[in-house]
Structures are given as structure tokens and as C-alpha cells.
Amino acid sequence: MLSTQTQLLRLSQGQLNLLERCPRQFQHTYLEQLHSPADPEHEERQTLGSRFHLLMQQREMGLPIDTFLQEDTQLQSWMTAFANAAPEILTPAPGSQTFRESEHYRTLQVQDYLLTVIYDLLIADNLQAQILDWKTYPKPPNKRKLEQNWQTRLYLYVLAETSDYLPENISMTYWFVQSEGKPQSIKFSYNTLKHQQTAKRLNQLLSQLTHWLQCYYQGKPFPQEPEGSKACDYCQYTRRCDRLQATPEQISTAKSPTTVDTNLLNLASIQEVML
């Protein structure tokens, strides 16, 4: 029972996104750990994305990356293009008094949950802090949609809550290294109003989750989306939810944006997630 538990439940941005989009899909994916069969194409993209993240991490740590680049022409191409597009990120000014750390890990307790974020790169000085995130799929999403994604909201919120920086001095930039032509970036500035809005929505969502969990352990499933909801169009659980059965194409398409390879209680790492 949730009321008697002593262990905090860990949540990442991917779980918050899914919980907000469809509580029943959250139940199937994380509580019951139901997953579609592995999609080889998606796994290949995920592996390549993970290799790029590891490459950037090793470079930031000062470890050799030549072997990495020689063995993978795709990574070499992305790195060269990114170095040309954002040299100031890869080559900081000499004598710069900034804190830089790749795969920077932070947690924040809110209610009975431990919110977990991993920043691909955090750059900070005594005035401001920048969160950088690498994306290796081709097309950047709509900026408004990306702003509402829980990765953007949670990453900015957690940094403001766990540091001395004012929200106005925090920013987050996504770099899409495989976008058409050359790498593209989308930057989000933060402020106190956005911070308050995120806090309000986050607490609402977590309070709902607590209620749904209590009901779930008493035998009542999480709420479903209304019949005909667009969220059901590409969901692999439509048959389980007594919706129209998804076609093989829909199931294949659904696996990339909806299936996140983490679980609710043991979050060892957060992989790149399609936004």
C-alpha cells in the first residue's frame, strides 16, 4: 500500500509525460511492466543515440575519443558538424571559471516522489546556469510543444529548486545534431512565473498519482482516456483497454515515443527520449 510504504517512488520526465498523456498507459507500462516486442529499427536508433551521448561525455572528461570516431563515421559526422555549429560549447574560453559536468545527476523530493534528472551537460558560473541536452533524431519538434514537455519543465524546475540560482538565471538548450543541413538548437529561458506554474502543475499531477495508486492497490485501475481520444490512435494497449485493436503499423509506431526503458522503483539511467 502506498500509505505504508517507506521507499520513495522515483519518477523521470518520461514517466510524467506518459502519466499526463494517459494514466492507464502509465499503469500498463510502469506498474505492470507490459512492453511491446523490441523494434530493431528503434533499438538501432537508441543505440546510436547512446553512443553519441557517451562520446560527448568522454570528451568532456578529457578522455580520448579518436577510436570512437574512427570506428563510426556517423558519430564522426555529427561531431564535426556540432563542433562547427557550436565551438563555444566544446572549447570554453581559456581561464574560464565555470563549472562543467556531463551526465550531471540531480534528485528532488516532492510529496512522496523522488524526481530524477540527468543533464547531458551542465555549464554554470557565479551568474547563470545552462542545461544542455543532445538529441540525435532528425527533426526538432514544435517549440511550443517542446516547452510543454516534462523534460523541459522538470529539468529547469529541479535545477532552480536544488541550487541558489534564480529562475531568471537558468536556461535550457536542446541541440538536435542530426537535423537537416546542420545542427539546430532550441533554447528556453526560465523565470519565476514559469517556475510557479510548473510547481502548481507538478503537485497536481503527483497528488493525482497518489490517489490513483491508492485506488489501484484496492483493485481499481487508473483512468482511461475518453473513447476516440487521439492518445489511443498509436497505443499498443488499445485491445487491453477495450478500444479498437491497433494495427501492426500503429504498434510499431507507438513503441518509440511511448515506451521508456525505466521502471517506477529502480531508475538506474535515463536514456534519450523522443519528444
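No experiment lies behind these values; they were computed from the predicted model shown.

Q: Help me understand the pairing of strand β3 (residues 113-124) in this model?
A: Within a regular strand, the side chains alternate between the two sheet faces. Of all twelve residues that make up β3, twelve are buried, and the element is covered over most of its length. Note: strand β2 (residues 99-110) against β3, eleven bridges, orientation antiparallel. Counterpart to Tyr-105 in the pairing with β3 is Ile-118. Between β2 and the antiparallel strand that follows it, β3, lie two residues; Gln-111 among them carries a positive phi value of about 55 degrees. Note that β3 and strand β4 (residues 129-135) share four bridges and pair antiparallel. Looking at β4, one finds that Leu-122 is bridged to Ile-131. Adjacent in sequence and paired antiparallel, β3 and β4 are bridged by four residues.

Q: I keep staring at the environment of Gln-178 and nothing clicks. Help me out?
A: Structurally, Gln-178 can be placed in the loop between β5 (170-176) and β6 (184-189). Judged by its relative accessible area of 29%, Gln-178 is partly exposed. Taking the C-alpha atoms as reference points, Gln-178 and Trp-134, 44 residues apart in sequence, are found 9.9 Å from one another. Excluding residues within four positions of it along the chain, Gln-178 makes contact with Trp-78, Lys-135, Thr-136, Tyr-137 and Pro-138. Polar side-chain contacts of Gln-178 include one of 2.3 Å to the backbone oxygen of Thr-136.

Q: Could you clarify how one ought to interpret the packing of aromatic side chains in this entry?
A: Given two aromatic rings, one states the distance between the centres and the angle between the planes to describe the pair. Scanning the entire structure with this criterion turns up twelve aromatic pairs. Ring geometry for Phe-26 and Tyr-30: centres 5.2 Å apart, planes at 50 degrees, overall tilted. Of this pair, Phe-26 and Tyr-30 are both found in helix α2 (residues 23-31), four residues apart, which corresponds to roughly one turn of the helix. Taken as a pair, Phe-26 and Tyr-30 share a single burial class, namely buried. Each member of the aromatic cluster is reached from another via a ring pair, and the members are Phe-26, Tyr-30, Trp-212, Tyr-216, Tyr-217 and Phe-222. For Arg-153, the ring lying beneath its charged end belongs to Trp-150, and the centroid distance is 3.9 Å.

Q: I keep staring at the environment of Leu-121 and nothing clicks. Help me out?
A: The topology assignment puts Leu-121 in strand β3. The exposure class assigned to Leu-121 is buried, which follows from its relative accessible area of 3%. The spacing of Leu-121 and His-53 is 68 residues in sequence and 9.9 Å in space, taken between C-alpha atoms. Those residues in contact with Leu-121, other than ones at most four positions away along the chain, are Glu-60, Ile-89, Arg-100, Glu-101, Ser-102, Gln-130, Ile-131, Leu-132 and Trp-134.

Q: Is there a simple way to think about the packing of helix α1 (residues 13-21) against helix α8 (residues 150-161) in this case?
A: In a pair of packed helices, the angle between the axes and the distance between the axes together describe the arrangement. Remark: α1 packs on α8, axes separated minimally by 8 Å, with the N-to-C direction vectors making an angle of 130 degrees. The orientation of α1 with respect to α8, classified from their angle, is oblique. For α1 against α8, the interelement crossing comes out right-handed. Within the contact between the two elements, α1 uses Gln-13, Leu-16, Asn-17 and Glu-20 and α8 uses Trp-150, Gln-151, Arg-153, Leu-154 and Tyr-155. Classifying every residue of the contact of α1 with α8 gives four nonpolar, three polar and two charged.

Q: Can you help me understand the environment of Phe-68 in this one?
A: Residue placement: Phe-68 occurs in helix α4 (residues 66-71). In this structure Phe-68 comes out as buried when scored by relative accessible area, which is 13%. In this view, Phe-68 contacts Arg-51, Leu-54, Leu-55, Gln-58 and Leu-75; residues no more than four positions away in its chain are not counted.

Q: Is there a simple way to think about the confidence of the model for the chain in this case?
A: As a note on interpretation, predicted positions should not be read in detail where pLDDT is low. Residues at a pLDDT of 70 or more form 84% of the chain, whose mean pLDDT is 84. Mean pLDDT values over the elements of the chain span from 41, in helix α10 (residues 248-258), up to 98, in α8. This stretch, residues 1-5, has a pLDDT under 50; its non-local contacts, to residues over four places away or in other chains, come to nine contacts. Considering only residues more than four positions removed or in separate chains, one finds that residues 246-272, a stretch of pLDDT under 50, has 67 contacts.

Q: Just to check I follow, could you spell out the pattern of salt bridges for this structure?
A: Two side chains with opposite charge may pair up if their charged atoms get near one another. In the structure shown here, the tally under the stated rule is seven salt bridges. With a closest N to O distance of 3.0 Å, Glu-20 and Arg-153 form a salt bridge. Here the residue Glu-20 occupies a position in helix α1, and Arg-153 occupies one in helix α8, the gap between them amounting to 133 residues. For Arg-153, a relative accessible area of 13% translates into the label buried. Between Asp-72 and Arg-51 there is a salt bridge whose closest N-O contact spans 3.4 Å. With Asp-72 in the loop between α4 and α5 (73-85) and Arg-51 in helix α3 (residues 40-60), this pair connects stretches of sequence that are 21 residues apart. Given a relative accessible area of 13%, Asp-72 falls into the buried group. With relative accessibility at 27%, the residue Arg-51 sits in the partly exposed group.

Definitions and limits used
Residues numbered from 1 in each chain as written. Predicted model: local features only at pLDDT ≥ 70, side-chain atom pairs only at ≥ 80, totals over all residues. Heavy atoms only, no water. Buried < 20%, exposed > 50% of the residue type's maximum accessible area, 1.4 Å probe, protein only. Helix = DSSP H or I, 4+ residues; strand = E, 2+ residues; numbered from the N terminus. Pairing = 2+ DSSP bridges. Contact = heavy atoms within 4.5 Å. Polar contact = N/O pair within 3.5 Å; in protein donor to acceptor, adjacent residues only side chain to side chain. Phe/Tyr/Trp six-rings, centres within 6.5 Å; stacked < 30°, edge-to-face > 60°. Lys NZ or Arg CZ within 6 Å of the ring centre and 35° of its normal. Axes fitted to C-alpha atoms, helices over the stretch in contact; angles between N-to-C directions. Parallel < 35°, antiparallel > 145°, perpendicular 65-115°, else oblique. Left-handed = near helix turned anticlockwise from the far one by under 90°. Nonpolar A, V, L, I, M, F, W, Y, C, P; charged D, E, K, R; others polar. pLDDT = per-residue confidence, 0-100. Salt bridge = Lys/Arg side-chain N within 4 Å of Asp/Glu carboxyl O.

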